[in-house]
Amino acid sequence: LVKDFVSGLFILIENQYGVGDRVKIGNFEGNVVKITMRSTVLLDDKNNMYYISNGLIKDVTNMSQQKKS
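Each value, and the rule that gives it
Residues numbered from 1 in each chain as written. Predicted model: local features only at pLDDT ≥ 70, side-chain atom pairs only at ≥ 80, totals over all residues. Heavy atoms only, no water. Buried < 20%, exposed > 50% of the residue type's maximum accessible area, 1.4 Å probe, protein only. Helix = DSSP H or I, 4+ residues; strand = E, 2+ residues; numbered from the N terminus. Pairing = 2+ DSSP bridges.

**Comments concerning the pairing of strand β3 (residues 39-43)**
Side chains on a regular strand alternate between the two faces of the sheet.
Item 1. Most of β3 is tucked away, with four of its five residues classed as buried.
Item 2. Of the strand pairs in this sheet, strand β2 (residues 28-35) and β3 are connected by four bridges, and their pairing is antiparallel. Counterpart to N31 in the pairing with β3 is L43.
Item 3. Between β2 and β3, which pair antiparallel and follow one another directly, the connecting turn spans three residues.
Item 4. Connecting the antiparallel pair β3 and strand β4 (residues 49-53) is a turn made up of five residues, with N47 showing a positive phi of about 65°.

Spelled out as structure tokens, the structure:
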């Protein structure tokens with residue numbers, strides 16, 4: 001539980017992704033519909049909703065953020 005909160009805090013502070021962003025977390029890919037201190041919720045193209053514990057997130061690919069020059 002503490003690991004989830006700490007991970008969620010860093011996700012929010014570091015702006016790794018936000019609601020509306022298209023991301024890939026592990027084997028799951030979709031649009032972020034909700035971020036809490038404990039979990040991230042993704043909705044994929046087939047309307048499957050994934051609830052991912054923030055403490056289990058190791059790698060994230062954010063396909064919505066662009067590198068700013």
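Now that the structure has been shown, we can carry on.
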